[in-house]
Amino acid sequence: MSSTPPPPGPPQKPAAKALNCPQCGAAITLRALGQAASVVCESCHCILDAKTPQLEILQTFSKAIAADRPLIPLGTRGKLRGADYEVIGFQRRGTVIDGIRYFWHEYVLFNPYKGFRYLTEYQGHWNDVTVCKEQPIVETRVSIPLVANYLGEVYRHFQTSDATTDFVLGEFPWQVAVGEQARANDYVHPPRLLSMERTAGETTWSLGEYTSGRDIWSAFRLPGSPPAPQGVFANQPSPSGGGARQLWAFFALLALLLLGVIIVTDFSESKTPVFSASYHLNAGEPKGEASFVTEPFELTGRTSSVEVSTNANVSNSWIYLNYALINTDTEQAWDFGREVSYYYGYDSDGSWHEGSQSDSVVVPSVPAGHYYLRIEPEVAPNHGFLAYTVDVRRDVPVPVFYGIGFVALLLPPLLYGWRSWTFERARWSESDHPPMQLQKSEEDD
Amino acid sequence: MLRKLYLLYGLLIVGGSAFAQYRGWSLNSMNQVHNVPRSVRDNPGSYRSVYNSYHHYTGGK
Amino acid sequence: MQTVCEYCKSILVRTDLDLKKVGVVADLPPDVSPIQLQTEGVYKSKSFVVIGRILYEYDQGGWNEWHLLMNDGSSAWLSDAQNEFAVTSSFNASNLPSASALTVGQQFQWNGSTYALSVITKAHYRGVQGELPFEYWDKDDVLFADFRTPTRHFATLDYSDPQPTLFLGEFVEFDDLKLKNLRQFEGW
C-alpha cells in the first residue's frame with residue numbers, strides 16, 4: 001500500500017482574543033493580574049465583571065502560576081554567551097535526601113538558531129546548562145561511580161539522587177509532566193558540573209557552568225537583586241580559586257629569598273670583637289663607688305648593631321649590671337641593665353636548673369665613633385667573690401627579625417589554605433561523600 | 001591579583017629584614033641618654049642612670 | 001499566555017490553552033526548526049542543499065530529518081532534534097543487531113570507533129516534504145537506536161526495513177554548517 005503522507009501543516013497559530021471593554025470597545029490594560037476581582041475600563045469607567053471570559057482565563061492562569069512564580073518571568077529575553085535567549089519554560093523538581101525534601105528550579109531558554117539552553121537555580125546558586133554532544137566516560141569501582149572523564153577534565157562524583165518534577169509551566173522540548181522521575185548522577189569539577197539523567201528509555205548528559213545571580217540579573221535585565229546564595233553549592237568555584245596553591249609556590253620562592261638574605265648578611269656582617277675584659281666583685285669588700293668605666297674602644301663602619309655579652313660564674317645567685325654605652329664625641333649614651341642569674345637543684349622530679357651564666361644584648365643602630373662602657377654592678381648581699389667578663393662585638397646579626405619575617409610570609413598562604421579547606425569541607429558536606437567529622441556530632445537516623 | 005599582592009608583601013618583608021640587619025636594629029629596649037658630660041670618665045659615680053632606682057626582682061618562683 | 005498588540009495596545013488572550021494542564025504538564029513548542037527546504041550549507045568542505053524533510057513524532061516530542069544533497073551527488077541526513085544537529089550518511093556494516101537484541105549501554109565497533117547505545121525511540125512519521133530517497137511511507141511505529149561516543153561521533157540504526165540501516169556521522173554546531181536561506185522568525 002502506498003499513499004503520500006500529508007505535508008506537515010503550517011505552524012499552528014496560537015488562538016487569542018483581544019480584551020476590550022464591552023461597553024466602549026477600548027483596549028483594557030491589566031496590571032494586577034490575579035488579584036483583581038473586577039477591572040475598571042480607563043476610558044468609560046465601566047466595571048468589568050471578573051466573569052468576563054478573557055479576564056477569567058487570565059485570573060485562573062495567574063492563580064495557577066502563583067504557586068511557584070519563576071524568578072525570570074516566561075517570555076523574558078536575555079543575552080547569554082553572545083546570543084539572545086527567551087525563557088519559554090519553567091519547572092520545579094525535588095528530591096529526598098536523608099528524609100529531607102529539597103527543591104530546585106529549571107528554566108528552558110530558546111533561540112531558534114542556537115537551540116535550547118537551561119538554567120538551574122537552587123538557593124540562589126545558578127548554573128548555565130547545555131546538553132553534551134560527547135559522551136563522558138565514567139569510572140566505577142564495584143559499580144559505584146567514582147569519576148567521569150569529559151573533554152580532558154576529571155569530574156568527581158558528587159551525588160546520586162532521584163529527581164521528581166512537581167510543577168511545570170510553559171514549553172519544553174520534551175513533554176514534561178508532574179510526577180516525571182529521573183535518576184541523576186552528578187559529577188563536579190568546579191566551576192563545572194556534569195549531570196547524567198536516566199529515565200526508562202533515555203540517558204542524557206548535560207554540562208553546567210556555575211553562574212552568579214548577578215550575571216543572570218544583568219543578562220535578563222531583571223529588576224531588583226538576585227536572591228543571596230546560601231551555603232556552598234556543588235560546583236561553586238572556590239573564592240580563592242587555585243589561589244592557595246599559587247601562594248604556597250610563591251611562599252617557597254620568598255622563603256628561599258629570605259634564606260639567601262640571611263646567608264648574605266651573615267657573610268657580610270663582620271661581628272668584630274672590639275672589647276673584652278674581666279672583672280670581679282666582692283660583696284664583702286667595703287662599699288665604695290661600685291660604678292666604673294672601661295677603657296675606650298672604637299666602633300667602625302656604618303651605623304649597625306653592637307652586642308654586649310656578660311659571662312659570670314654565678315651559682316644559685318645573681319649579678320645585675322647597669323650598663324651605659326657612651327660616645328665620647330657626641331655625648332650620647334645607651335642605657336640598659338642586664339641580669340645574669342643561675343639556679344639549680346634537685347627535687348622529687350629530678351635535677352632542675354633555671355637561668356644561665358651568660359647573657360647578651362644587642363644595642364641597635366650605633367653609629368661609628370669612640371666609645372666606652374660605664375658599668376655599675378650589683379650582687380646578692382651574701383655572695384662572696386664573683387668574677388665576670390664583658391665582651392663587645394660590632395656588627396652582629398639579629399635573627400629575631402628573620403623569625404618574624406618567616407612567620408609573616410607564612411601567614412597568607414596559611415590563611416588562604418585554611419579558607420580554601422573550610423570552603424571545600426562545606427561543599428562536600430552536602431554530597432554523598434561528606435568529609436569526616438572532626439568533632440563528635442549527633443547521629444541522625 | 002592575589003599572587004601579585006602576596007609577592008609584593010613578601011618582597012617588602014624580605015627587604016625589610018635585610019634593611020633591619022643593615023641598620024643594626026634590635027628588639028631590645030634601650031634608653032637613649034644625651035649630653036653625657038666628659039667628666040663621667042673621671043667620676044663614673046656622677047652618671048645618673050635611668051635605672052638608678054631600679055632594683056630587679058630577685059625573688060624565687 | 002497573553003501578549004499586547006503593538007498598535008492598539010489591547011491584550012490578546014489565548015483561549016486554546018488547556019488551563020487544567022497549566023502547572024501540571026508542559027507544552028511542546030511550535031515547530032521551531034530554523035532549517036527549511038532550499039537551505040544551503042557546508043559540511044566537511046562539501047556544500048549541500050536541503051531537498052527533503054521527514055518529521056518524526058514520538059511520545060515525548062518530535063524531530064526532523066532533513067535530506068541533504070551534497071555537491072558530489074551523494075545523499076546525507078541532517079538530524080535536527082530540539083536544535084541539536086547531526087549529519088549522518090548511510091554506512092554498510094555486517095554486525096548490526098536485531099531490534100529485539102538492543103539494550104542501552106551496548107557497544108559496537110563501526111568504522112574504527114566504539115559506539116554505545118544511548119536511546120531507543122519508537123517513532124512514526126508525522127509528515128514529509130520535498131524529495132526523499134524512498135517511495136512509500138508507513139503509519140506504524142518504527143524503532144530507532146541512537147549511539148554516542150566520547151567524541152562527537154554519532155550513529156543511528158533505523159529499523160523501518162526488516163534489515164536495519166546504519167547511519168554514521170557526528171554532532172555539528174549550527175555555526176559550523178554556515179547555513180544560508182534559513183527560515184525567518186518573527187522577532188528574532
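Residues numbered from 1 in each chain as written. Chains lettered and ligands numbered in written order. Predicted model: local features only at pLDDT ≥ 70, side-chain atom pairs only at ≥ 80, totals over all residues.

**Let's talk about the overall build of chain A**
Tallying secondary structure elements over chain A gives four helices and 24 strands in all. Out of the 445 residues belonging to chain A, those deemed buried represent 29%. Counted over contacts in chain A with a minimum sequence separation of 6, partners at least 24 positions apart contribute 63%. (Helix = DSSP H or I, 4+ residues; strand = E, 2+ residues; numbered from the N terminus. Buried ≥ 20, exposed ≤ 12 C-beta atoms within 10 Å, placed from the backbone. Contact = placed C-beta atoms within 7 Å.)

**Examining the overall build of chain C**
A tally of helices and strands in chain C yields zero helices and twelve strands. Starting at the N terminus, the α and β elements of chain C follow one another as β-β-β-β-β-β-β-β-β-β-β-β. By residue count, 28% of the 188 residues in chain C fall in the buried class.

**Let's talk about the sheet that holds strand β18 (residues 304-312) of chain A**
All names here are of chain A. Here four strands make up an open sheet; going across it, the order is β15-β24-β18-β22 and the pairing antiparallel. Across the chains shown, the open sheet's two edge strands, defined by having one partner strand only, are β15 (272-282) and β22 (358-366). Between one strand axis and the next, the sheet turns by 15° as a mean value, whatever way the strands run. Direction of pairing for β15 relative to strand β24 (residues 385-394): antiparallel, over a ladder of ten bridges. Across the sheet, S276 pairs through a bridge with D391, a residue of β24. (Pairing = 2+ DSSP bridges. Axes fitted to C-alpha atoms, helices over the stretch in contact; angles between N-to-C directions.)

**Focus: the interface of chain B and chain A**
Taken residue by residue, the interface counts 37 residues in chain B and 47 residues in chain A. Listed by contribution, the elements that provide at least two residues to the side of chain B that touches chain A are α1 (2-23), β1 (31-33) and α2 (39-42) of chain B. With 14 residues, the single largest contributor to the side of chain B that touches chain A is α1 of chain B. Here three bridges tie strand β20 (residues 333-347) of chain A to β1 of chain B, and the two strands are oriented antiparallel to one another. What sits directly across from A333 of chain A, in β1 of chain B, is V33 of chain B.

**Describing the domain arrangement of chain A**
Accessible area lost upon the coming together of the parts is a frequently used measure of interface size. For chain A, the assigned domains read domain 1 (19-66), domain 2 (77-219), domain 3 (243-266 + 401-428) and domain 4 (276-396). Each of domain 3 of chain A and domain 4 of chain A has a C-alpha centre, and the two are 39 Å apart. (Domains from an automatic or database assignment.)

**As for the confidence of the model for chain A**
Mean pLDDT over chain A works out to 84, with 83% of the residues at or above the 70 mark. Per-element mean pLDDT across chain A ranges from 60 in strand β1 (residues 16-19) of chain A up to 95 in strand β8 (residues 125-131) of chain A. (pLDDT = per-residue confidence, 0-100.)

**Quick notes on the environment of I35 of chain C**
Residue and element names in this part refer to chain C. One can find I35 in the loop between β2 (11-14) and β3 (40-43). The spatial distance from the C-alpha of I35 to the C-alpha of K180 is 9.1 Å, given a sequence separation of 145 residues. With residues up to four places along the chain from it excluded, the contact list for I35 reads V50, W66, D80, L179, L182 and R183.

**Regarding the nonpolar core**
Grouped burial of nonpolar side chains is what soluble globular proteins tend to show. By size, the foremost hydrophobic cluster in this structure holds 35 residues, and its most contacted members are Y107, V108, L109 and L194 of chain A. In terms of nonpolar packing, the next biggest core, distinct from the first, is built from 28 residues, Y323, F336 and L373 of chain A together with V40 of chain B among them. (Core = buried A, V, L, I, M, F, W, Y, C linked by C-beta atoms within 7 Å.)

**Description of helix α4 (residues 400-428) of chain A**
Helix length check: α4 of chain A (29 residues) gives 41 Å between terminal C-alpha atoms against 42 Å at 1.5 Å per residue, within 8%. Bending of α4 of chain A peaks at approximately 30° at the position of L411 of chain A, with proline P412 of chain A no more than four residues after it. Those residues of α4 of chain A hidden inside the fold are in contact with α3 (243-268) of chain A together with α1 of chain B. (Expected span 1.5 Å × (residues − 1). Bend = angle between axes of the 7 residues up to and from the residue.)

**Observations concerning the packing of α3 of chain A against α1 of chain B**
Contact geometry of α3 of chain A with α1 of chain B gives a least axis separation of 10 Å together with a crossing angle of 15°. If you check the angle between α3 of chain A and α1 of chain B, you find them roughly parallel. Judged by the sense of rotation from one axis to the other, the crossing of α3 of chain A with α1 of chain B is right-handed. Mapping the contact onto sequence places G243, Q246, L247, F250, L254, L257, L258, V261 and T265 of chain A in α3 of chain A and L2, R3, Y6, L7, G10, V14, S17, A18 and Q21 of chain B in α1 of chain B. The residue makeup of the contact of α3 of chain A with α1 of chain B, split by class, is eleven nonpolar, six polar and one charged. (Parallel < 35°, antiparallel > 145°, perpendicular 65-115°, else oblique. Left-handed = near helix turned anticlockwise from the far one by under 90°. Nonpolar A, V, L, I, M, F, W, Y, C, P; charged D, E, K, R; others polar.)

**Quick word on the pairing of strand β4 (residues 77-80) of chain A**
Residues and elements named next belong to chain A. Sheet analysis places β4 next to strand β5 (residues 83-97), joined by four bridges and oriented antiparallel. Residue pairing across strands places G78 opposite Y85, the latter belonging to β5. Two successive antiparallel strands, β4 and β5, enclose a turn made up of two residues, where R81 displays a positive phi of approximately 50°.

**A short note on the pairing of β5 of chain A**
All names here are of chain A. Pairing between β5 and strand β6 (residues 100-111): eleven bridges, direction antiparallel. Bridge assignment links G94 to a residue of β6, and that residue is F103. The hairpin turn running from β5 into β6, its antiparallel successor, is two residues long, and D98 in that turn takes a positive phi close to 55°. Examined bridge by bridge, β5 and strand β11 (residues 153-170) share six bridges and lie antiparallel to one another. Bridge pairing links R92 to F167 in β11.

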